[in-house]
Structures are given as C-alpha cells and as structure tokens.
Amino acid sequence: MPKFLLLFLYLIISLSAISGGNDMVIAVNNSITETRMSRNFARQLFGMKARQWPDGSAIKVFVLPDKAPQHDSFVKEILEIFPYSLRAAWDRQVYSGTGQAPSEASSIEDMKAKLASTSGAIGYLPKEKIDGAKIHMVEVY
Amino acid sequence: MMRLLIAYLGLLFSTICSAPAWALDFNDGAIQIHGFMSQGMVNTSGNNFLGKTNDSISYDFREIAVNASYRALPQLLFAGQVISHTAGESDNGDPNIDYAFMDWTALSGEWGRAGVRLGRLKNAYGLYNSTRDVTFTRPSILLPQSIYFERTRKLSVSSDGINLYADYINDWGTLSAEVALGYPLNDKASDVALLGNNIRGSFEPAFTQLYQVKYESPTGRYVFATTVVNLKEDYKPAADRDLNAGSFYFAPVILSAQYNAENWTLTGEYAFRPSSLKGFGPFLPDTSKDGESYYLQGTYRVLPKLEMLVRYDAEFNDRNDRNGNAYAAAKKGNLNFTQYTKDWTLGLRYDVTPAVMLRAEYHNIEGTAILPTLDNPLGISSYDKNWDMWLLLASYRF
C-alpha cells in the first residue's frame, strides 16, 4: 500500500512539474517598468490595438507561431480568449489597413533573445526562463 | 501537355504548402508587407454567377492583393493595398487601389483609443465588409449575398473620405463607434444593377455617411453591431434623349450578432434596406421600396484545420411583396422570382497550412434577385427560378 502511495505521489509531483514547465507568463523588456497589468489591457496589447506604453514609448509585440502549443496555452490561459479569435482580429486589421500583425518568434529561445534585445518588447515565456537580467515578468490581474 | 501542366501545378502547390507563412518585415516590424491570392471555380445548374457558369465551369473568380503598412510613430500608421479582383463579366481584374490612408490615433490609453483616418477607406459595414475580399477572413467562399452583394460590390467596398473612430474598453467589454464620411467608388456593374443592361448614362456617387456601433464582450464570445448607411448616387444622363438627371437613394440599417464558442460560431445579420429612384423623368416614374435581408449561419470546427458551415440566407427586394406576386401582376413580362432569393449553403474549409486554404461550397437557391446583371446579358426571360451552385477555391496568403 505505501508503495502505491509513493508511486501515486511521484506521479502527481512529476505531472505538476511538467505542467509547471509549460506555465507561460507575460514577459517584457526591462525598458518597461510595469510589473502588473489588467487582463483587458493585455488583450488590447496582444490584439495589436494598444500601440503605446503608458510612458508613450512604442509597444513591440512578439508571439510564437499559431501552431505552437505554448501560444495556444498562453492565449487560452492568460488572455482567456480563443486563439482563432485573436488570429481573426489580426487578419481583419492587416487586410483592412487598420493595424499590423505582431512579430513572430520562431521558438522559446528566439522569443527570449528578441524580448531581451528589443526596447518596449512584450511577449510570453515559461516562468523559469525569465532571469530578470534583461526581461521581467508582468502579472495579470 | 495537360499532364505537364498538372505536374507543374502539383509542384507549385506542394512548394507553396511547404513554404512557411512568410511576411516581409522591415525596420523591426514597423514596415510590413502582406498579401493574398485566391482562385475559384464556379458551376451553376442555371443562371450565370461570376462568369459563364451555367452548365460550364468559370475560372473568372480571382482575387490578388498586396498591402503595405508603415508605423511611422506609435500613434501614426500609413497603410495601402492594391487589389485585382476578377468576377465574371462584372470585374475584369484591372488592379486598383483598395485602400490608402493615414491613421492617427490621437488619444489612447488603458481605457481604449480614439482617432481619425484619412484617405481611401474600407466601408466597415456589418461583420465582414472591411475584409470581404480576403477569403481567410470570410466564413465562406461567397459571403451571404443578401447583405454583401456581388452585383453591387464596387459601390460597397471602399470610399474616399474621412473616418472617426473610438474604442472604449471596460470590464464589461469593448464598445466601438465609427463614423465614415465620403464618396464611395463605383463601376459599370453597380450601375446596371440599378437601371438594367440598357443603361446609357452612368451614376456618380454623392456624399455618403456610414455609422457603426459595435459591442464585444471581454473574451470575444459575444459580438453585436448596428450599422446605418446613407448613400446617394446622382445619374449623369447620356447627352441624347436619355432619362433625366435623377438620383438613387439607399439607406440600409444592418443589425449583426455573433456568438463564439471554442469549436463553433453562430452568426446572424439582418438588414432593412429602403431605397428609391427619384427625378428620372416620365420614362422612369419615382419608385421606392423597402428591401429586407437576413441570414443565420453556423460554423463548426471539426478539427483545428477543418471547418464546416451551414447557412440560410434570404433576400427580398420589397418586404411588402416578399413572393414578388404584386410585382409580377403589375406589368406583363415581370417574373415574381426575380424579386427575392433564398439560399441554403453548405461549406467546407480545410487549412492545409496557416498560409494555404482549400474550400468547397454548395448553394441551393430559389430566386434570382442576387444575380449580377452583366453575367446574364439575355435578361430575365433567360432566368431560372431554381438553381444550384458549386464552388471550389484555393487561397494563399502571406
């Protein structure tokens, strides 16, 4: 019985470790001072509608490709919208001229490099990839 | 020769499919270039729609466009698109400027934004019109014809003028308002839709206003919109013995609603369309009627790449004479079924890659009110009351 219990505990811990590894959070370049932001403002930012940070500087949005599982979980869990709705909003703006598309990062590592090197940049990363040196996390409320 | 062509097309298609969805970004994404192209095939069991389709296949349904945008400042955007739209006899595909404007977001913040656009602008009526030519943003190969007419497409696409817009964002959602003032574009196909194939002069669009108010719930589940348009066109008679210089008035009100779930979307739109022709002289007495349109549409995403559509779409030229019987009784030769269209549509969308899409669609149609006049030069004596339409379409974007 204790053996089963141990196995069960081990499974739970390893499973939560896996899901913990996929927990995406909003990450910004350190040129931005914000550490908290409303979910509504985050939706505006990633929907490419908000174009300026409160200090007036330009917002640069980075996303992973639509098919990346991390993109899917970020959009559903942090923005709490459907990925297809976000894509539709970008397309409507790009093809009617009323807005632009976000820049695409090819991988998590690429995203990290771009967020670190671009002033005003916002994107998302697994929590443990954020070291605070050039990028910090923004909490959504 | 045929086999070579097929092999070539197959190779081209597989190359496009394997290519990543690329877009051109310069200057850190401040300059972006995007575009799309699509090729359709249309076949009908009666009447012609987008080319010679009656018992034959028309390939004259093509859309090619390239756009560029430049964000000069966070609050200043320049954007333009050139489009070639081929649609049967109505549009020969000559490239033209679809939109070209500057967009100045005068105010912005966490509360939303407000600004002004100046130049040639897309007419944002209903849920789909601002990107009606982009197959990726449409629910189906053909938009519901009761509201997004092909037969008067040019008149509804874009206008030269000014657009004031504001978005207000709150915990309960986003409220957007837009006022567009300007002069719509026009072409022969829209002219003959108003006065028939024997038209001698031409119409010139006058000052037109468009107002839209839109609500979107915070997660985008619910979308509601109301659009009001006030359009006028002035007739320029041909010099010799033509109609008088009358005007065409069109003032539709469009109500739109959409519900978005994870795997399905339900959309409905209703339009009340009063229109009148006035001042054309004794050969064309003043007339006015209230048209009515609506559709209900469901899309279901069976798989992330595969979407099904079912829609019922109805259009009545005169809401007080829905079956057209009074019209038919008024004059010998008038046919009642030319005064309405009822269209059941089934569609399938397959996204091969994010950049490549294939579509198939079937329409079962009663009535001919949506027919493009130029595609059917023999006139109403040649019209079929009941007809089917099959469409296939391949589309690529970047």
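Quick summary incoming for the structure in this document. In this text the structure is predicted, and so the values were computed from the model without any measurement.

The rules behind these values
Residues numbered from 1 in each chain as written. Chains lettered and ligands numbered in written order. Predicted model: local features only at pLDDT ≥ 70, side-chain atom pairs only at ≥ 80, totals over all residues. Heavy atoms only, no water. Buried < 20%, exposed > 50% of the residue type's maximum accessible area, 1.4 Å probe, protein only. Helix = DSSP H or I, 4+ residues; strand = E, 2+ residues; numbered from the N terminus. Contact = heavy atoms within 4.5 Å. Buried area = accessible area lost by both parts, 1.4 Å probe. Salt bridge = Lys/Arg side-chain N within 4 Å of Asp/Glu carboxyl O. Polar contact = N/O pair within 3.5 Å; in protein donor to acceptor, adjacent residues only side chain to side chain. Nonpolar A, V, L, I, M, F, W, Y, C, P; charged D, E, K, R; others polar. Phe/Tyr/Trp six-rings, centres within 6.5 Å; stacked < 30°, edge-to-face > 60°. Lys NZ or Arg CZ within 6 Å of the ring centre and 35° of its normal.

## Observations concerning helix α2 (residues 39-46) of chain A
All names here are of chain A.
- With 7 of 8 residues buried, α2 is to be regarded as a mostly interior element.
- Among the residues making up α2, those that are buried are N40, F41, A42, R43, Q44, L45 and F46.
- Downstream of α2 by one or two residues, M48 has phi in the positive range, about 65°.

## Focus on the interface of chain A and chain B
- Taken together, the 30 residues of chain A in the interface contact 46 residues of chain B.
- When the buried surface of chain A facing chain B is broken down by residue, Y84(A), Y95(A) and Q100(A) rank first, second and third, together holding 24% of it.
- Between E262(B) and K76(A) there is a salt bridge, with its nearest N and O atoms 3.2 Å apart.
- Inspection of the chain A/chain B interface yields 18 residue pairs in polar contact (both at pLDDT 80 or more).
- At the level of secondary structure, the elements contributing two or more residues to the side of chain A that touches chain B comprise α2 and α4 (83-96) of chain A.
- Ranked by residue count, the leading element in the side of chain A that touches chain B is α4(A), at 7 residues.
- Among the residues making up the side of chain A that touches chain B, the classes are represented as 9 nonpolar, 12 polar and 9 charged.

## Quick word on the packing of aromatic side chains
Residues and elements named next belong to chain B.
- This model, assessed by the stated rule, comprises 22 aromatic pairs over all chains.
- With a centroid separation of 6.2 Å and 45° between ring planes, the pair formed by Y294 and F316 is classed as tilted. Here the residue Y294 occupies a position in strand β17 (residues 287-303), and F316 occupies one in strand β18 (residues 306-316), the gap between them amounting to 22 residues.
- The class for F316 is buried, based on a relative accessible area of 5%.
- Note that K342 overlies the ring of Y340, its terminal NZ or CZ placed 5.2 Å from the centroid.

## Section: the side chain of Q145(B)
Residue and element names in this part refer to chain B.
- With respect to the helices, strands and loops of the structure, Q145 is situated in the loop between β8 (112-122) and α2 (153-157).
- Of the polar contacts made by the side chain of Q145, one reaches the backbone nitrogen of E150; its length is 2.9 Å.
- What Q145 contacts, discounting residues up to four positions off in sequence, is F49, E150, D313 and I370.

## Details of the side chain of N40(A)
- Mapped onto the elements of the fold, N40(A) is located in helix α2.
- You can call N40(A) buried: its relative accessible area is 16%.
- Residues within four places of N40(A) in sequence aside, it is in contact with I169(B), N170(B), D171(B) and P218(B).

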